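# Fold and contact review
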Amino acid sequence: MPTTVSTEVLELAVVGVGLQGEGHVKCYDAIPNARVVAVCDANAQRAADVGARFGAEVVRGGYEELFAREDIDAVSIALPDHLHRDAAEKAFAAGKHVLLEKPLATTVEDAQAIVAAQKASGKKLMVNWSNRWMLAFSQTKEALESGALGDPLYCYARLNNTLYVPTKMLSWSANTQLPHWLICHRLDIARWYFGSEATRVTAVRRYGVLRDRGIDTPDLYQATIEFANGCVGNFESCWILPESLPWIVDSKFQLICTQGYANIDPLLPAHVRAGETKYEQPGYLAGDVMGEPTGFVRQAIQHFVDCVLQDREPLITGEDGLAITRTLCAVIEAAETGQAVELSW
Ligand SMILES: NC(=O)c1ccc[n+]([C@@H]2O[C@H](COP(=O)([O-])OP(=O)(O)OC[C@H]3O[C@@H](n4cnc5c(N)ncnc54)[C@H](O)[C@@H]3O)[C@@H](O)[C@H]2O)c1
């Protein structure tokens, strides 16, 4: 979808300026037709640091105070997974467009409430499954649409983290689960490619390594998801890989079609850097070039800005988020009960 730059400027705020929210502020700062007016975060020091660095006002009275402001048209919400509903409902009630970090929510009830609030407001909602803007995923979608691969049949999707993520990076890992934290990224891609909804889910999970460290969330999930059109996806995620690895994300995606195959391995070709004591694999899919953010993270955020300014529907909507939440809650139920879960749409 081509990006046309409007002369209008979208005035925004960012709620939650942790790792991801700071990235949103940085991207908006680099996008010519966006301006971050204000930020807020429960961690006052964090908000002050990010606000000062990007010249944004810091709102101390919580997101309600921020949503009450008339000089803000749209908000990015980058709160922990389980805290999306209250902020999103209040943002829509205040008449703001919302770019909501993935996942839409961690329960079906919360997801339905967010979509209902958005529909009542008539404002735009995009859920930030930004991996769709990675070159390899986007090119594979184009190849599918051109017919070059035939029809999709099956995918294998692995997305893992090292132990650093649940034990050090996130303070709230016990409040989410791998389906909402990682598998959702690859389910979003699979639904996009298959053009179909999940109808039957089986899954297993295991606890152990993280519980031993006082974090009550499963170490790993494996799920087989059957779709209405016959496509099948195998999804697996863990977040207990050793921290000695040179990266914190391990990913592989294979798509098998009637007339072709795509293998998307974002770790290859790798950018490798070896110092005297450390072997590193720096990110090359998104990052700064000459101090300016580039890559899929920025492009997804640019898409949201363009959709609001040009009154277009975002590529990833609340309905997508709701379908993904329903499917992933079925994955969790299937793993909990050991029974297959059927879904109807
Ligand atoms: N799109 C992606 O690829 C991607 C990558 C990482 C994280 N995420 C998502 O982004 C969201 C945030 O994740 P993160 O890694 O930045 O987490 P984080 O813990 O680094 O940041 C969350 C921030 O929210 C703040 N916060 C918590 N409660 C608040 C409240 N009531 N009001 C205001 N601020 C509050 C915290 O102080 C923290 O600074 C999650 O939903 C996560 O799944 C998306």
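With that settled, the discussion passes to the side chain of Glu197. Among the structural elements, Glu197 can be located in the loop between helix H8 (178-194) and strand S8 (198-206). Only 2.8 Å separates the side chain of Glu197 from the side chain of Arg191, close enough to count as a polar contact. Apart from the residues within four sequence positions on either side, Glu197 is in contact with Arg191, Glu226, Phe227, Ala228, Ala323 and Trp345.

Moving on, we get to the domain arrangement of the protein chain. Splitting the protein chain by domain gives domain 1 (10-130 + 293-317) and domain 2 (132-286 + 324-342). Of note, the centres of domain 1 and domain 2, computed from C-alpha atoms alone, are 24 Å apart. The interface of domain 1 with domain 2 comprises 24 residues on the first partner and 19 residues on the second. Buried surface at the junction of domain 1 and domain 2, both sides included, amounts to about 1,900 Å², of which 70% is carbon and sulfur. Joining domain 1 to domain 2, the criterion identifies seven residue pairs in polar contact (both at pLDDT 80 or more). Taken together, the elements giving at least two residues each to the side of domain 1 that touches domain 2 come down to helix H5 (108-121), strand S16 (292-295) and helix H10 (296-309). Of the residues in the side of domain 1 that touches domain 2, the class split is 14 nonpolar, eight polar and two charged.

This brings us to the site of the ligand. Gln20, Asp41, Asp81, Lys102 and Trp172 are the nearest of the 22 residues found near the ligand. Between an oxygen atom of the ligand and a main-chain N or O atom of Gln20, the distance comes to 2.8 Å. Leu79 places a main-chain nitrogen or oxygen 3.1 Å from an oxygen atom of the ligand. Within the complex, the protein chains bury 82% of what would otherwise be the 850 Å² of accessible surface of the ligand.

On the surface, a cluster of nonpolar side chains totalling about 220 Å² of accessible area is made up of Tyr164, Ile248 and Val249. You can see Tyr164 is positioned in helix H7 (residues 164-169).

Now for the sheet that holds strand S2 (residues 34-40). Sheet architecture is open: six strands sit in the order S3-S2-S1-S4-S5-S6, paired in parallel fashion. Either end of the sheet is taken by a strand with one partner, and the two such strands are strand S3 (57-58) and strand S6 (125-128). Along the sheet, helix H1 (residues 19-30) contacts strand S1 (10-15), S2, strand S4 (74-77), strand S5 (97-101) and S6; its crossing angle with S1, the most-contacted strand, is approximately 165°.

Thresholds, definitions, all that
Residues numbered from 1 in each chain as written. Predicted model: local features only at pLDDT ≥ 70, side-chain atom pairs only at ≥ 80, totals over all residues. Heavy atoms only, no water. Helix = DSSP H or I, 4+ residues; strand = E, 2+ residues; numbered from the N terminus. Polar contact = N/O pair within 3.5 Å; in protein donor to acceptor, adjacent residues only side chain to side chain. Contact = heavy atoms within 4.5 Å. Domains from an automatic or database assignment. Buried area = accessible area lost by both parts, 1.4 Å probe. Nonpolar A, V, L, I, M, F, W, Y, C, P; charged D, E, K, R; others polar. Near = heavy atom within 4 Å. Areas by Shrake-Rupley, 256 points an atom, 1.4 Å probe, with all protein chains shown as cover. Patch = residues over 30% accessible without salt bridge, like charges linked within 9 Å, V, L, I, M, F, W, Y side chains within 5 Å. Salt bridge = Lys/Arg side-chain N within 4 Å of Asp/Glu carboxyl O. Pairing = 2+ DSSP bridges. Axes fitted to C-alpha atoms, helices over the stretch in contact; angles between N-to-C directions.

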